[in-house]
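Residue-level structure breakdown
In case you want the letters, here they are:
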Amino acid sequence: RFKRLLDRIKPQFAGHMQHDAQEFLAEMLDSLHEDVNRVLDKPYVPNPEDDEIDRMTPEQHAEDAWRRHLMRNRSVLVDLFQGLIKNEVKCPVCSKVSRTFDP
């Protein structure tokens, strides 16, 4: 019964193909979050410009990314299960470091 309902709501899980448990859990948590999100009118939240990011410490950059995320996402699921992933890439030619924090 659960599988039939899931097939109808999330077509990517229809059929009998094997799916990653993490992919399934992420979809379920995201769907639950959207149902209980306390932010009803989601504002447009632009990303900071590169020169702004360059003036931030990594800690300030992470805090800013989380603050911007919370402007559109507030639920008990965010409080319990979400965080930030830090991605950092260094150019081998010029040594410029590019850093992002993604929820």
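Bear in mind the structure is a predicted one, so any value in this text is a computation, not a measurement.

Moving on, we get to the overall build of the protein chain. If you tally the helices and strands in the protein chain, you get five helices and two strands. When the elements of the protein chain are put in sequence order from the N terminus, they spell out α-α-α-α-α-β-β. Here the C-alpha radius of gyration of the protein chain, 18 Å, is well above what a compact globule of 103 residues would show, namely 13 Å. Over its C-alpha atoms, taken along the principal directions, the protein chain stretches across nearly 55 × 35 × 20 Å. Across the protein chain, contacts joining residues at least 24 apart in sequence account for 43% of those joining residues at least 6 apart.

Now for the pattern of salt bridges. A full pass over the atoms with the stated rule returns eight salt bridges. Its salt-bridge partner being R55, residue D51 comes within 3.6 Å of it at the nearest N-O pair. On the accessibility criterion, R55 (60% relative accessible area) is exposed. R99 serves as the salt-bridge partner of E88, at 3.5 Å between the closest nitrogen and oxygen.

Definitions and limits used
Residues numbered from 1 in each chain as written. Predicted model: local features only at pLDDT ≥ 70, side-chain atom pairs only at ≥ 80, totals over all residues. Heavy atoms only, no water. Helix = DSSP H or I, 4+ residues; strand = E, 2+ residues; numbered from the N terminus. Rg over C-alpha atoms; globule rule 2.2 N^0.38 Å. Contact = heavy atoms within 4.5 Å. Salt bridge = Lys/Arg side-chain N within 4 Å of Asp/Glu carboxyl O. Buried < 20%, exposed > 50% of the residue type's maximum accessible area, 1.4 Å probe, protein only.

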